[in-house]
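Fold and contact review
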Amino acid sequence: DAACRWLPTHIWCAKRMHMDKLWGVHLGIRPTCKAARPTYRAARDAAIIQDLSYMVPALLVAPLPVLRDALLPVLSHTSFSSLFSDSTPSLGHAVSLHFFRSGGYPREYVGPANAMWIPPSVRRGEPGEGGRG
């Protein structure tokens, strides 16, 4: 299919997993149960890598109320409250999020994401706020 691209590691994955088209690439969704022995052998004799080439970092910079309004329709309630809790540390924190189609919680799951919350004062390096400056 021309709309979905194959990444270099997908030949290896296609032999060991059921592949599906997600986010414009072919991804291994579930194992075919043929990977346990070769994976163990690779870990014992060499190294194992994980294909994360379909994951792309994004930087969201906006005033806090704008970020909250933009992310509220696409995050689970738990993800939203953990990202924007009132007890957010002044130095920032990292959380695991679960994204849904806009307004589609809980049935229209898109996928997981990791986020790092970095307050503006830390990004600018203001003294007294944990920044370097």
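Residues numbered from 1 in each chain as written. Predicted model: local features only at pLDDT ≥ 70, side-chain atom pairs only at ≥ 80, totals over all residues. Heavy atoms only, no water.

A few words now on the overall build of the chain. Each helix and strand in the chain was counted, giving five helices and four strands. Mapped from its N terminus to its C terminus, the chain presents α and β elements in the order α-β-β-α-α-α-β-β-α. For the chain, the residues scored as buried account for 25% of the 133 residues in total. On the chain, roughly 9900 Å² of surface is accessible, and the fraction owed to carbon and sulfur atoms is 59%. (Helix = DSSP H or I, 4+ residues; strand = E, 2+ residues; numbered from the N terminus. Buried < 20%, exposed > 50% of the residue type's maximum accessible area, 1.4 Å probe, protein only. Areas by Shrake-Rupley, 256 points an atom, 1.4 Å probe, with all protein chains shown as cover.)

Let us look at the confidence of the model for the chain. Atom-level detail of predicted coordinates should not be read off regions where pLDDT is low. Overall, the predicted model of the chain reaches an average pLDDT of 76, with 80% of residues at or above 70. Taken as a whole, residues 126–133 scores under 50 in pLDDT and shows 12 contacts with residues more than four places along the chain or in a different chain. (pLDDT = per-residue confidence, 0-100. Contact = heavy atoms within 4.5 Å.)

Here we take up the side chain of S79. Note that S79 resides in helix α4 (residues 77–83). When residues no more than four places from it in sequence are discounted, the contact partners of S79 are S96, L97 and H98.

Here we come to the packing of aromatic side chains. Scanning the entire structure with this criterion turns up three aromatic pairs. Here the aromatic rings of F80 and F84 are separated by 5.0 Å at their centres, their planes lie at 50°, and the arrangement is tilted. With a centroid separation of 5.2 Å and 65° between ring planes, the pair formed by F100 and Y109 is classed as edge-to-face. An aromatic cluster is defined as three or more aromatic residues linked by ring pairs; in this entry it consists of F100, Y105 and Y109. (Phe/Tyr/Trp six-rings, centres within 6.5 Å; stacked < 30°, edge-to-face > 60°.)

In this section: a nonpolar patch on the surface. A contiguous nonpolar patch, built from L22, W23, I29 and V110 and spanning about 340 Å² of accessible area, is present on the exposed surface. Among the structural elements, W23 can be located in the loop between β1 (17–22) and β2 (25–31). (Patch = residues over 30% accessible without salt bridge, like charges linked within 9 Å, V, L, I, M, F, W, Y side chains within 5 Å. Salt bridge = Lys/Arg side-chain N within 4 Å of Asp/Glu carboxyl O.)

On to the nonpolar core. Ranked by size, the top nonpolar core spans 11 residues in total: L67, L71, V74, L75, F80, L83, F84, V95, L97, A115 and W117. Secondary structure elements with two or more residues in this core: α3 (64–71), α4, β3 (93–100) and β4 (109–117). Setting aside anything within four residues of it in sequence, one finds L67 in contact with L60, A62, F84 and W117. (Core = buried A, V, L, I, M, F, W, Y, C linked by side-chain atoms within 4.5 Å.)

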